[in-house]
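One letter stands for each residue in the lines below.
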Amino acid sequence: MADRAGRREELADRLARVRERIRAACGAAGRTEEPRLIVVTKFHPASDVRLLAELGVTDVGENRDQEASAKAAELAGLGLRWHFIGQLQTNKAKSVARYAEAVHSVDRPQLVAALSRAVVAAGREDPLACLIQVNLDPRASGRGGAAPEDVPELGSLIDGSPGLRLAGVMAVAPLGTDPAEAFARLAEVGGGLRRAFPEAAMLSAGMSQDLEAAVAAGATHLRIGTDVLGPRPPVG
Ligand SMILES: *Cc1c(COP(=O)(O)O)cnc(C)c1O
């Protein structure tokens, strides 16, 4: 199909450019170990995710359970790792526990409890990796996330919950602020957590607009959507 070949070429091209940006950012920051690229495929069709897998993408991110669960089921044979990165209602925990390798948006005790119950009930062999989403914007709580001062307690709770593995921290840089400052703060919060829980080493930071700042701050995982896939199509 000509369409498919064209889209494949476009994705290959965009992906190469993003990978080059990551390499350059690592060089500028003197980093030898590159962060893992999670391609955020929300709003884009499963056919795009399939092409990305063909192009060597191993990790994909989604922010709505309904969409993510359908794609994960359709693409089950590809061996992709699915990262859930959106605000999560407790009643969706059961579904997410079936396909997600990691949830980057754990931000409250009720969600920890729901995820733990769901993983145990699903009889999963591997634990669900949980990252604490940190709200770095003292003015707003709308985008989700725990307050930095609540992170240690939430970390202990996750660490003590059956089926869950405390994996690290995640944040979105607040709008209209310097992402370098935001990610430095995230790295500080993550460092504190890691002193108590050495396994909690993931630092999930950086989107299309601010990946360089995230790499400089030590991000281990980048979540890039638009710059790989193009603008998100409107939802029907
Ligand atoms: C959509 C989304 C991304 C990707 O953002 P882009 O600007 O498209 O790269 C990353 N993280 C979260 C939490 C998102 O919701």
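Scroll up for the structure.
Description of the structure in this document. Not measured: the values here are computed from a predicted model. (Residues numbered from 1 in each chain as written. Predicted model: local features only at pLDDT ≥ 70, side-chain atom pairs only at ≥ 80, totals over all residues. Heavy atoms only, no water.)

## Regarding the pattern of salt bridges
This structure, assessed with the given rule, holds 17 salt bridges. Of the charged contacts, one joins D13 and R17 as a salt bridge, the two residues approaching to 2.9 Å between their closest N and O atoms. With D13 and R17 both in helix α1 (residues 2-29) and 4 residues apart, this pair spans about one turn of that helix. Between E212 and R21 there is a salt bridge, and its shortest N-O distance comes to 2.8 Å. Of this pair, E212 sits in helix α8 (residues 211-216) while R21 sits in helix α1; the two residues are 191 residues apart in sequence, bridging distant segments of the chain. Owing to a relative accessible area of 25%, R21 belongs among the partly exposed residues under this scheme. Each of the salt bridges in this network shares a partner with another, and the network as a whole consists of R7, E10, R14 and D48. (Salt bridge = Lys/Arg side-chain N within 4 Å of Asp/Glu carboxyl O. Helix = DSSP H or I, 4+ residues; strand = E, 2+ residues; numbered from the N terminus. Buried < 20%, exposed > 50% of the residue type's maximum accessible area, 1.4 Å probe, protein only.)

## What to know about the pairing of strand β6 (residues 164-170)
As a general feature of sheets, a regular strand has side chains that alternate between the two faces. The buried count for β6 comes to 6 of 7 residues, which makes it a mostly enclosed element. Here 6 bridges tie strand β5 (residues 128-133) to β6, and the two strands are oriented parallel to one another. The partner of A129 across the bridge, within β6, is R165. Relative to strand β7 (residues 202-204), β6 is paired through 3 bridges, and the arrangement is parallel. Paired with G168 across the strands is M202, a residue of β7. Crossover connection from β6 via helix α7 (residues 179-196) to parallel β7: handedness right-handed. (Pairing = 2+ DSSP bridges. Right-handed = clockwise from strand over helix to strand, strands pointing away.)

## What to know about the site of the ligand
Close to the ligand lie V40, K42, I85, M170, V172, M207, S208, R223, I224, G225, T226 and R232. Within the contact set of the ligand, an oxygen atom lies 2.6 Å away from a side-chain nitrogen or oxygen of T226. Residues of the shell around the ligand, tallied by class, amount to 6 nonpolar, 3 polar and 3 charged. (Near = heavy atom within 4 Å. Polar contact = N/O pair within 3.5 Å; in protein donor to acceptor, adjacent residues only side chain to side chain. Nonpolar A, V, L, I, M, F, W, Y, C, P; charged D, E, K, R; others polar.)

## Considerations on the side chain of H221
Note that H221 resides in strand β8 (residues 221-224). Those residues within four positions of H221 in sequence are excluded, and the remaining contacts are P35, R36, I38, M202, L203, S204 and A205. (Contact = heavy atoms within 4.5 Å.)

## Some remarks on the pairing of β8
Judged by which residues are buried, β8 turns out to be covered on both faces: H221 and R223 on one side and L222 and I224 on the other are all buried. Relative to β8, strand β1 (residues 36-40) runs parallel, the two sharing 4 bridges. Counted as the bridge partner of L37 is L222 from β8.

## Section: unusual backbone geometry
For F43, which is not a glycine, the phi torsion comes out positive at approximately 75 degrees. Structurally, the position occupied by F43 is in the loop between β1 and α2 (46-54).

## Some details on the side chain of H44
Note that H44 resides in the loop between β1 and α2. Overall, the relative accessible area of 6% leaves H44 in the buried class. Those residues within four positions of H44 in sequence are excluded, and the remaining contacts are R7, E67, K71, L229, G230, P231, R232 and P233.

## As for α7
Under the 1.5 Å per step criterion, the end-to-end length of α7 is 26 Å for 18 residues, consistent within 8% with the ideal 26 Å. Among the residues of α7, those classed as buried are A182, F183, L186, V189, G190 and L193. Each buried residue of α7 lies within a common arc of 120 degrees when the element is viewed along its axis, so the set occupies one face. Turned more than 90 degrees from where α7 packs its buried face, E181, E188 and R195 sit exposed. Those residues of α7 that are buried lie in contact with β5, α6 (151-159), β6, β7 and α8. (Expected span 1.5 Å × (residues − 1). Arc of directions from axis to C-beta.)

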